[in-house]
Structure formats: structure tokens, C-alpha cells
Amino acid sequence: MNDILDIFFGIVFGTEQTAGIILEILFIVGLFRILQKSGINGWWALCPFMREVKLAKCASREQEGKTYFFISLAKSALLVISNSLQLNNKEELTVLILFFSMVILTVHFISWIYMIRIFLGLVYVYDINKKWMILFSFSATRWIGALILGFSKKMPLTTPEMEHEEALRSFSNEEIIVMDKGLSVDLRKRTATDLFQTKTLLRDIKMNIQPGHMVLLLGGSGAGKTTFMNAINGYEKADAKVLINGKNVYEKYREMKYEVGYVPQQELMRGKDTVYHTLDDAALLRLPSVISSRERLNRVQDVMRIFGLSNSSTSLVEKMSGGQKKRLSIAMEYLSSPQVFILDEPDSGLDGVMARNLMNHLRAIADQGKIVIVITHTPDRVIDLFDDVIVLAKDSHKTGRLAFFGSVQEAYSFFGSTKMEEIVMSINSKEEGGKGLADSYIQQFAQLSAKNAEVQNG
Amino acid sequence: MAEKTIERKIRHRGRLEQVRIYLGKFLRMFIYQNEWKVFPMAILISALVALVVRRDFFVTMEGTLKGSFALVCVAIWNGCFNSIQVICRERDVIKREHRSGMHISSYIVSHMLYQAILCLVQSALTLFVMIRMGVKIPAEGLIVSSMTVELGISIFLITYASDMMALWFSALSRSTTTAMTIMPFVLIFQLVFSGGFFTNLPAWSTHFTKFTVSNYGLKCINAQADFNNKPSATVWNAVNNIKNNELGGTITVGRIVEILGNEDNAAIKQLRSNPVTISASVGDLYTKFRESDSYQAIRDRTIDARITLGELLTTLETSVAFEELRQKSLLFFTVGDLLTALGNSVRETGLASYQFGKSVTFGQVFDFIDLDGQMEILKDVSVVKVDTTVGKILDSVSNNFLVQGNLDKEFKISFTLGKLIDLAGEENVKKIVQAKTAEAMKKDAYAYTKDNIERYWMIFILFSLVCASLATISLEFIDKDKR
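Residues numbered from 1 in each chain as written. Chains lettered and ligands numbered in written order. Predicted model: local features only at pLDDT ≥ 70, side-chain atom pairs only at ≥ 80, totals over all residues. Heavy atoms only, no water.

**Some details on the overall build of chain A**
Line of reasoning, step 1. From N to C terminus, chain A includes 16 helices and 10 strands.
Line of reasoning, step 2. Overall size of chain A, expressed as C-alpha extent along the three principal axes, is 80 × 55 × 40 Å.
Line of reasoning, step 3. Out of the 458 residues in chain A, the part that is buried amounts to 52%.
Line of reasoning, step 4. The contacts in chain A between residues at least 6 apart in sequence include a share of 66% that link residues at least 24 apart.
Line of reasoning, step 5. Just so you have it, chain A exposes about 21,200 Å², and 56% of that area is on carbon and sulfur atoms.
Line of reasoning, step 6. For chain A, the centre of its 52 positive side-chain charges and the centre of its 50 negative side-chain charges are spaced 2 Å apart. (Helix = DSSP H or I, 4+ residues; strand = E, 2+ residues; numbered from the N terminus. Buried < 20%, exposed > 50% of the residue type's maximum accessible area, 1.4 Å probe, protein only. Contact = heavy atoms within 4.5 Å. Areas by Shrake-Rupley, 256 points an atom, 1.4 Å probe, with all protein chains shown as cover. Lys, Arg positive; Asp, Glu negative; His and termini not counted. Charge placed at Lys NZ, Arg CZ, Asp CG, Glu CD.)

What follows is the structure, given as C-alpha cells:
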């Protein structure tokens, strides 16, 4: 019975000694207050394993918290196993216990490192001297740090995201008018769930993009631009309806995935393959199987000519310049002539001339009646090539929302700016050096959309 | 920017066609990405290993075990390093291609085919190097006609199973750093839990050996090498190494008697139970009799005048009065044995009815009948055969009053193991030692049977398929990767 109690206290308090239990209770009291200060239910402090996850959240070290959770779980499991070991052979039992103790020691060391990382995050969040880490580094003293931090008047600089979906405002219930041609997006919600929580990454994004339009996608860091693009092409599905020329991308994904070309930010190609083979293999994958070898070859050669790659067809991809690699990466998607082209920072790492040249290519593609959506962090040097602008912004709950969708001129007028970079500045949070007006613009645009919808509905 | 319009069809290239596309891609990578380096690496590793194992591989049990372990290590090493990085290093590219319509199963199957080609060539090179370096592979195989081909198949399957296992780990790893961190643990695990080589594993840990390629690899190669019928050299080599070492010290007679009488010792017990047959001639017995005190005592005894020579001898042979005399020990026989022989001899010559006519002494009778002459004639006649054991002889010696009187006497002994072996005959000892140690090392798993080898081959194939399936399942979750 005593053994079972020892194991139980060992799991709950991380120690098996009575003095340790008292210190652990004091730590829990301090932790209770720290969690409360960050807007998290303090009773989590009583929950073994999860309390460190919540503490890590207060310290903006969520990943460390999750890792610590699994390591602690493994450590406790190993403790239980090693305590319940029974073997007839005493010598073998000794060896086994020694082996387990070595493993537990290793796991304990790893968990200690992660705990240090979490407390270091807490030090940053509370903007206190790093010398506090000496208190937090040892289980015998960390209760002092927790009590002082919990009961002092000092408040954390940042608070974690709200945990409950109920805290979010209700969705707009207006239905989007579906177009026969072009791209219609009605994204209600895009969430990401792990063992610990469900996060809303994007919500309430509705738009219709006309064929032949080149669209700029703007947004600060973490606003959900790439998540939005992945939701449009159907690779990472959201609670949404995405229609291309009236066909639902999610329902007919096997067919429709060839209608959306996605060019990732990095040049994701095999550096040791030649340009020709890279394109030929891409054509084999993307083009319908009924196309003959001759037609495929012609298509590859056409695309190489269009993107200025004909002279480098036998070169290895890794030997090409940054601009050439970007063009090759776009050409791979262009082979299948998709209706919607999505490009994630295609001009990153390119100088002004090369970036302009590349954007001209994209404008030419849009002029063929296709939709081109581009994420770029330097929009002003090529803004004349774009028709529309999508502005995504992080609201106060750190969820990506639509702050604007319309023409370039309408965007300038809506935000009262003359440059796209100023728009980004205005929606970025103050911690990111912006004006922190995201919520205001999201609300204004929602009202504007509702008014427009009323006008359209008569 | 004029563009031709392509008629769009729903059907795109299926899994089988995609396998062909990726196989072609991997074969190009072989040239451009310097993957051909695995071949010279296989040659060098095999040559290094062959240097160590070439003499005794397929010759003795120990050499075969050492050689098969080294060969399995080479195969596992080759297999693992062929594929441990192939998926994780291009994980982002795979994700992009998966988004563009690539089937994960096609990708893995093309890797399976490509890796099979690599493993096949590596196995052939390994075998070639081993043979060139002087490893003597038996000629005939059990399943196919050539043992070289059969061994080649085993090396290929071991390499391939390891290759597929590493492919799975590569599919699980998000980066090459992670994969290369896992790799040493995988190799050490294979090494430690190879089953046959590290035999002193704790009992609870032996279950791990069921999941290692090295365990089945070792069993397979040992079975093919006919391990169980090879001589064992370890103990004999150890004996040879110490046979010139001087042994010895001070020992008492009592200690020797104690050692020789200790039946708890299996070797002594065996020695003591060995049967011995001892025979003696009349000459031997008479010489002993002449040398004994009894001889002079009996010479002086008087015989009644009326008694015949035959009666005298019968009296000597049967009378209770002479019982003590008859029991007198002459080596392993008694005076009684000698009298019986003498009586028989006298009766045969017809002298038995001779009457002395006056009182005489036994000495006069002995002289009358020319006892010395008679005995000279009869000296080669075998008198008695005694069936006894070494133990009884040792007990007899131990109980001798001379021995019993000197139990505390110390003396120095000095000898070498070699001299002891020479006493028993070196070839005999070698044969017995090798046979006994070989018997102890035999294992059913190493039996040279078709069933055994086929079973191990099936295990490798199954293992490879399971690992490839796990790699496919692991990679199917690639869309969950963080961007």
C-alpha cells in the first residue's frame, strides 16, 4: 500500500518524500496565482502533467510545454514499471532496475531542460531579472519563485490566447453569391486541434475573385496567409466552400487539385535533377494521362520558352540562379495550366528588376483569364500589376480575419493610405511595431460588406 | 505568351505509372547525387571485414560465428545507410509533389525497387570481395546448386530488410539530423540484440532479439555455413596457449589420496569407475613370495613323516591353520593363489603320492622338489586374472600402510599441461576436447536444413514488406507537417 502511495505522490508531486510534498504544495499555490494572472483557470495547477502545459502557455513556450507533458508522462510510466518489476532471478532484477534507473535518469534530465526553458520564458514574459532562474532551476527552491511571482503585483507583459471558442464572436450568416466563373471562397472557420486545445486559425473570410484578376494577399506575420492559401487549394481543408468556375474544390478534390497551382515560398525541387527532367516529371504527374509523349514534350518546351528556361534545360537545378529557380518552380505548376495560381512570396530573395520581371510573367498569366493570387512583403514596387487586394489581419484573439477585399484603389481609400506597406503597418499589433488597428478595420469591413450585401439584395 | 489549350481529362497517371516516373528519377539521382558512392563503400567495408574473418569463416564454429556476425553487420550497415536519409532530406519536395497528385504508395514502391537494385549490387560486391580475400565458401547449396548464390541471396535479403527498416525511420523523421540521431541507436540495438553473439543477455531482454534483423541474419548465415557440424576450436586453442606454462607447487600425500578418492568430482568418479583387468604369472607370484617374511618362516616349519607331498599341498591350500599365510598379499594376489598354482603343477607331474618317510622341514621339501627350478619352468604360466576398477586399485594403494603412514609428507611437484596431454596422446585429447565443446555450442536454429534457411528468407521478406508498409503509412500523414 505504501508503495502505491509513494508512486501516486511521485506522479502527482514529482517527488516521493514528505518534505518534498510540502514544497510541492507551496509551488502549486504559487502556480495557481501565476495561471490566474494570465487568465487561465488556476485549478489546472492541481492537475499533474497538464499544469506544466498551462504554465508553458503563460510563458509563451507552448511547444516546450507539450514536449514536457510527454516526457513527464513517459517518466511516470517508467517509474511505475520499474516499481512493479518482479523477476525470480535476483541478479537479473538488479540489472533490470539499474537499466531502468539509467533510462529514468536520462528522461529526468531531458524534462529538467524543458522545465528550464519554460521558466526562462516566464522570466521574459514577466520581464524580471534572469537571476530568478537560479530559483526556478531546482525543485527545492522553485516554490519560492512561484510564490513571489504569483503573489507580487507584477503582471505578465503578454497573455495567452483565449482558450475557449465561446469567447469568439458569432459568425456572419450571410451567404456568398456564387459565380459561374472565377473563384468563390466562403471560409467559415479553419481550426487546428492538438491534444491540448483547438485553435481557430482563420474565420469569416468571404470573397469572389473574377477570372483574369491578379490579387495581392497582404497580412502581417501569423495572420494566416499561407493557411488561407492551403485552404483554397484544398490540401488542408477548412470549414469552407471553395468554388472554381462553379465546381466545389473540396467535394471534387481529386479532379480539382489540378485546377489550383500552388507555388511554395521555398524552391522545393530536387537540386540534383536537370531542368528538363524536373519539368518533364512534373508534366507526367500533372497532365492527364491521355496526352501523348509528343504533346507532353511540346508542352514542356513551350513552358521552358515562356519562362526563359530553354537555354538551361540540361543544367542541374542547384546550379541555377535564384530568379531561375523561382521561374522553374512557377513553371512546374504552370504546366497543367491551372485556373487558379497561388504563389507564396515568389519575389523573396530577388532584386527589384528580377522581381518586376517575374511579376510581369504572372500578370501575363492572369491576362490569359486565370486568377493569380500572390503573397509578397514588398508589394509597392509592383502594385500597378495587381487588380485586387486581400488584407488578412490577426484579431485580438489571434485569429486570422478578413480586414479588406477589393480593388487596389478601394484599399487605399478604405485604409486612408497611399502605400500597401502602410496598410500592413496599420493592422499589425503594437508588439510587432504596428498601429494595432486590426480589430477596428475587421469590424469596419464587416459592416461595409453587410451594407453592400443589403444593397445587392435590394 | 501564346499558349496551346490542353483538353482536360479527369484521369491522371495512376500508381503504377507513377512508380515508373519516380524510379527513373531515382536512377538519375544515382548519377547526379553521387549515390554510386555506396558501392565503393561496400567494397571497402567488406574488404576490411574479410581481412579479419577470412581464415576461420566456414572452418570452425567460432570462426563461422565471428564471420557471420561481421557479414551481417556489413549488410545491416550497407542497408541502413542506403536509405536513412532518402525520404527525410526531400520531405518538403515530397509534400509539394503529394499536393500535385503524387501517390505516397507509388513513391515508396519506387524506392523499394530502386533500393532493391542498390542492395543487390552491394550484396554481389560484398560476396565477390569476400571470395577474393580468401573466404572459402562451401561449393554446394541446399536450395540452389551453388552455396555462393545461396549465400548471396541471404546477404541481399538481410541488406534489403535493413534498408527498408531505415526507409521507415527516414519516413518518420522530419529532418536528416533527426534521422542521423536515431541511426546509432538502431545499429547498437541490432548489435546488442543479435542473439547469437552476445549470449549473456539478461533473460527479460532476449525478447528484443525477435525484432532484429541481425538475429535472423546470424541464424541464417550460420545455418548455411553448417555451423553445427563444424569443429570447435576455442577451448583447444586456449589449452594450446597455456600448455607450456609451468604448473606445480607443494602437495601432501594425504591431499593426493583425498583428490583421488573424491567421487563428487565427475572426472575422478569417471576415472575410478574405469574397469581394469590384471593378470599375474607364477613367476611374478613366486618372486614376491621369496621376498616376503613368510617364506623364511615356512621353510623352518616341520612336516610329519607319514604325510605325502600331495596331502601336504592340499593342507597348505585348504587348512584353516594356513589361512593367514594364504591371505598374505603378493601385489594384487595372495600366497594362496601361488599355492594353488604350485599344487596343480605338482599333481600334474605325479609327485603327489611321494612320502617323505621322516620328519622334514618345508625348506627341505622345497629343495627336494627343486621349488626354484619348478617355478622357473612355470614362471610364464598365467595364474589368475582379476577384474577390478581403477577406484579399487587406488583404494588399495591408499590403504597401504606405507601410504597411510606418510599422509602428511610434503613434496614438490612441477609439470606442464602439455606433458599431461602428451601422456594421454595429443590427438586423442584434441579430438575429445573439440567434440565436447562443439556439442555444447550446437543450436537447433543453426541446423543446416532447407526448412531453416527458407524460414529465415521468408522472415526477411516479411520484415521488409512490413517496414515498407509502415513507411507508407507514416508518410501518408505528411500533409500534417508544420509549414
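**Overview of the interface of chain B and chain A**
Line of reasoning, step 1. With 39 residues of chain B at the interface, the matching set in chain A holds 55 residues.
Line of reasoning, step 2. Of the roughly 4,500 Å² buried between chain B and chain A, counting both surfaces, carbon and sulfur atoms make up 54%.
Line of reasoning, step 3. For the pair chain B and chain A, the interface holds 11 residue pairs in polar contact (both at pLDDT 80 or more).
Line of reasoning, step 4. For the side of chain B that touches chain A, the secondary structure elements donating two or more residues are α1 (15-32) and α4 (91-99) of chain B.
Line of reasoning, step 5. Grouping the amino acids of the side of chain B that touches chain A by side-chain chemistry returns 15 nonpolar, six polar and 18 charged. (Buried area = accessible area lost by both parts, 1.4 Å probe. Polar contact = N/O pair within 3.5 Å; in protein donor to acceptor, adjacent residues only side chain to side chain. Nonpolar A, V, L, I, M, F, W, Y, C, P; charged D, E, K, R; others polar.)

**Describing the packing of aromatic side chains**
Line of reasoning, step 1. Within this structure, the stated rule accounts for 30 aromatic pairs over all chains.
Line of reasoning, step 2. Considering the side-chain rings of Phe 32 of chain A and Trp 43 of chain A, the 5.1 Å spacing of their centres and the 75° angle between planes classify their relative orientation as edge-to-face. Taken together, the positions of Phe 32 of chain A in helix α2 (residues 18-37) and Trp 43 of chain A in the loop between α2 and α3 (50-58) put the pair 11 residues apart, joining distant regions of the chain.
Line of reasoning, step 3. Phe 32 of chain A sits in the partly exposed class, given a relative accessible area of 22%.
Line of reasoning, step 4. With a centroid separation of 5.2 Å and 85° between ring planes, the pair formed by Phe 69 of chain A and Phe 70 of chain A is classed as edge-to-face.
Line of reasoning, step 5. The exposure class assigned to Phe 69 of chain A is buried, which follows from its relative accessible area of 10%.
Line of reasoning, step 6. Three or more aromatic residues joined by ring pairs make a cluster, and in this case those are Phe 404, Phe 414, Phe 415, Tyr 441 and Phe 445 of chain A.
Line of reasoning, step 7. If you follow Arg 142 of chain A out to its NZ or CZ, it ends over the ring of Phe 27 of chain A, 4.2 Å from the centre.
Line of reasoning, step 8. Residue placement shows Lys 25 of chain B over the ring face of Tyr 22 of chain B; its charged tip is 5.9 Å from the ring centre. (Phe/Tyr/Trp six-rings, centres within 6.5 Å; stacked < 30°, edge-to-face > 60°. Lys NZ or Arg CZ within 6 Å of the ring centre and 35° of its normal.)

**What about the domain arrangement of chain B?**
Line of reasoning, step 1. Once the domains are mapped, chain B shows domain 1 (15-226 + 448-480) and domain 2 (262-408).
Line of reasoning, step 2. Centre-to-centre, using C-alpha coordinates, domain 1 of chain B lies 81 Å away from domain 2 of chain B. (Domains from an automatic or database assignment.)

**Re helix α5 (residues 90-125) of chain A**
Line of reasoning, step 1. The terminal C-alpha atoms of α5 of chain A lie 51 Å apart, and with 36 residues this matches the ideal 52 Å at 1.5 Å per residue to within 8%.
Line of reasoning, step 2. One or two residues past the end of α5 of chain A sits Asp 127 of chain A, with phi positive at roughly 50°. (Expected span 1.5 Å × (residues − 1).)

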